[in-house]
Number of protein chains: 2
Amino acid sequence: MRSDAARNRETVLAVAGRLFDEATDPDQVSMDAVAAAAGVGKGTLFRGFGDRAGLVAALWRQRGEELVTALTTAEQGPGPLRDRVLALLYAAQQFKLRNRTLALSLEKAGRGSPYGTDDYERWHRVLTALVAAARGPADAPHLAHALLAAVRADLLIHLGDRPENELRSGLEALVDAIVTGPGSARAR
Amino acid sequence: MRSDAARNRETVLAVAGRLFDEATDPDQVSMDAVAAAAGVGKGTLFRGFGDRAGLVAALWRQRGEELVTALTTAEQGPGPLRDRVLALLYAAQQFKLRNRTLALSLEKAGRGSPYGTDDYERWHRVLTALVAAARGPADAPHLAHALLAAVRADLLIHLGDRPENELRSGLEALVDAIVTGPGSARAR
DNA sequence: TAATATACGGACCATCAGTCCGCTATCACC
DNA sequence: GGTGATAGCGGACTGATGGTCCGTATATTA
């Protein structure tokens, strides 16, 4: 990769990140605006990232680094399953709140839905395994989807600026219900 | 209302409904296309429905008539709470599958999220009450959101054409977990 | 320093939602 | 049935946006 290309890529990522952070709706951030603010041409922007979704994905990957450790921790333990599930979802929740607009954009951009991305796939696999371990394989995939749906960015945003512990408490109730509820190995 | 306006409104609703049904992504249905297919001008379209969201809302209201009875039945009984919650969510699930693209459009259109509409408000209120009755008021609002998130159109579409009973079983597991799970009055 | 590949940038294009306004069909009243 | 007031019609037009194209500029390599 040529040095100027690398430099531009950095600049664009930094500037675009800032623009998304400042916006409340991803649609407020146009590709034109990103190019202008970064001081590059549109051609450069699209050459570097393919399309809008590519830019958002690159930003997400950059910031989401911290979540991979959350994933592997949840996957491999230690600790009770219930705590691992809760910690994972809580990490996702807080991360999405810290990166609202970006998260929103990602959930919209990926062909109109957050599903079908490798990312979602991965999260769903991990959660399915945990749920299956806790209460048996029956309906585990569905319940994993339900858990993920509960931390979707647009829902979190709709909930607004509630005290953090309220969000956490709600999440806890949900996880307890699913992981240790009826149908679970422990409850039987 | 003038007779030609009423006639046009009927035509547009019928044609637009068909176009949405035939499409797999709401974005495939442009306002231009609706106007052309209905044989009216764009001006007429926008005069009659305000904007795109208005058209979608009108279609939704027209088709969603059947759901209001599901809501009041769930609200007022009879039957065990668990069954009422399940029936309500199942009705929503099946309805959204029968009206995929329209449902998808609605979830996108309402300022980028399905929340904040009167419709969602209503459903959430009813479910919150049912959940609160079953397991106490703590976290009931959050759990109601989680239940609704589990029947979002884009999730259902992502799940694809599974056998209906698999969907139902997943929903049942979720409802059982939340309504009769830990924290619920019955379990304590 | 010359040659080549790579990247740049912004004019350009297609597509939409939504507006505007001169023209037309409807309807209430005669 | 005729007629005038007016609600409604339709399609050209606008503004914004994502994405493309290609002549020009720059980094790299020998």
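About the thresholds
Residues numbered from 1 in each chain as written. Chains lettered and ligands numbered in written order. Predicted model: local features only at pLDDT ≥ 70, side-chain atom pairs only at ≥ 80, totals over all residues. Helix = DSSP H or I, 4+ residues; strand = E, 2+ residues; numbered from the N terminus. Buried ≥ 20, exposed ≤ 12 C-beta atoms within 10 Å, placed from the backbone. Contact = placed C-beta atoms within 7 Å. Nonpolar A, V, L, I, M, F, W, Y, C, P; charged D, E, K, R; others polar. Near = placed C-beta within 6 Å. Axes fitted to C-alpha atoms, helices over the stretch in contact; angles between N-to-C directions. Parallel < 35°, antiparallel > 145°, perpendicular 65-115°, else oblique. Least-squares fit on C-alpha atoms with pLDDT ≥ 70 in both. Core = buried A, V, L, I, M, F, W, Y, C linked by C-beta atoms within 7 Å.

### A look at the overall build of chain A
Move 1: A tally of helices and strands in chain A yields 11 helices and zero strands.
Move 2: Written out in order from the N terminus, the α and β elements of chain A read α-α-α-α-α-α-α-α-α-α-α.
Move 3: With the C-alpha coordinates aligned to their principal axes, the bounding extent of chain A is approximately 65 × 35 × 25 Å.
Move 4: Every one of the 188 residues in chain A was classed for burial, and the buried ones make up 40%.
Move 5: Of all intrachain contacts in chain A linking residues separated by at least 6 positions in sequence, the fraction that spans at least 24 positions is 66%.

### With respect to the interface of chain B and chain A
Move 1: Contact residues are listed per partner, giving 29 residues for chain B and 29 residues for chain A.
Move 2: Among the elements of the structure, helix H7 (100-109), helix H9 (140-149), helix H10 (153-159) and helix H11 (164-180) of chain B are those that each provide at least two residues to the side of chain B that touches chain A.
Move 3: The element that contributes the greatest number of residues to the side of chain B that touches chain A is H11 of chain B, accounting for eight residues.
Move 4: Considering only residue class, the side of chain B that touches chain A consists of 12 nonpolar, 11 polar and six charged.

### Some thoughts on the protein's contact with DNA strand D
Move 1: By nearness alone, 22 residues border DNA strand D, and Gly43 and Asp51 of chain A together with Val40, Gly41 and Gly43 of chain B come closest of all.
Move 2: When contributions to the surface near DNA strand D are tallied by element, the ones reaching two or more residues are helix H1 (3-22), helix H2 (31-38) and helix H3 (42-49) of chain A together with helix H1 (3-22) and helix H3 (42-49) of chain B.
Move 3: For the surface near DNA strand D, the element with the most residues is H3 of chain B, which contributes four residues.
Move 4: By residue class, the composition of the surface near DNA strand D is five nonpolar, seven polar and 10 charged.

### Examining the packing of H1 of chain B against helix H4 (residues 52-63) of chain B
Residue and element names in this part refer to chain B.
Move 1: Put simply, H1 and H4 touch, their axes get as near as 10 Å, and they point 90° apart. For the element pair H1 / H4, the angle class is roughly perpendicular. Note on element contacts: H4 touches H1 through Leu55, Ala58, Leu59 and Gln62, opposite Leu13, Ala16, Gly17 and Phe20.
Move 2: The residue makeup of the contact of H1 with H4, split by class, is six nonpolar, two polar and no charged.

### Focus: unusual backbone geometry
Move 1: In this structure, Asp139 of chain A takes a positive phi of about 65° despite not being glycine.
Move 2: Tracing the backbone shows Asp139 of chain A in the loop between helix H8 (118-135) and helix H9 (140-149).

### Examining the relation of the copies chain B and chain A
Move 1: The transformation that overlays chain B on chain A combines an axial shift of 0.0 Å with a rotation of 180°, and the residual RMSD is 0.1 Å. Overall, the copies show the geometry of a two-fold rotation axis.
Move 2: By residue overlap, the copies meet face to face through one surface: 100% of the interface positions of chain B are interface positions in chain A.

### Here's the deal with the environment of Ile178 of chain B
Move 1: Structurally, Ile178 of chain B can be placed in helix H11.
Move 2: Judged by local crowding, Ile178 of chain B falls into the buried class, with 31 C-beta atoms found within 10 Å.
Move 3: Taking the C-alpha atoms as reference points, Ile178 of chain B and Leu13 of chain B, 165 residues apart in sequence, are found 39 Å from one another.
Move 4: Not counting residues within four places of it along the chain, the set of residues in contact with Ile178 of chain B comprises Ala177 of chain A together with Val131, Leu143 and Leu147 of chain B.

### Focus: the nonpolar core
Move 1: Counting 104 residues, the largest nonpolar core has Val85 of chain A together with Val85 of chain B as the members making the most contacts within it.
Move 2: Non-local contacts of Val85 of chain B, meaning those with residues more than four positions away in its chain, are made with Ala74, Leu127, Leu130, Val175 and Val179 of chain B.

### Structural notes on the environment of Ala70 of chain B
All names here are of chain B.
Move 1: Its place among the elements puts Ala70 in helix H5 (residues 65-76).
Move 2: A tally of 21 C-beta atoms within 10 Å means that Ala70 is categorised as buried.
Move 3: Taking C-alpha positions, Ala70 is 7.8 Å from Ala87, a pair spaced 17 residues apart along the chain.
Move 4: Setting aside chain neighbours within four positions, we find Ala70 in contact with Leu88 and Ala91.

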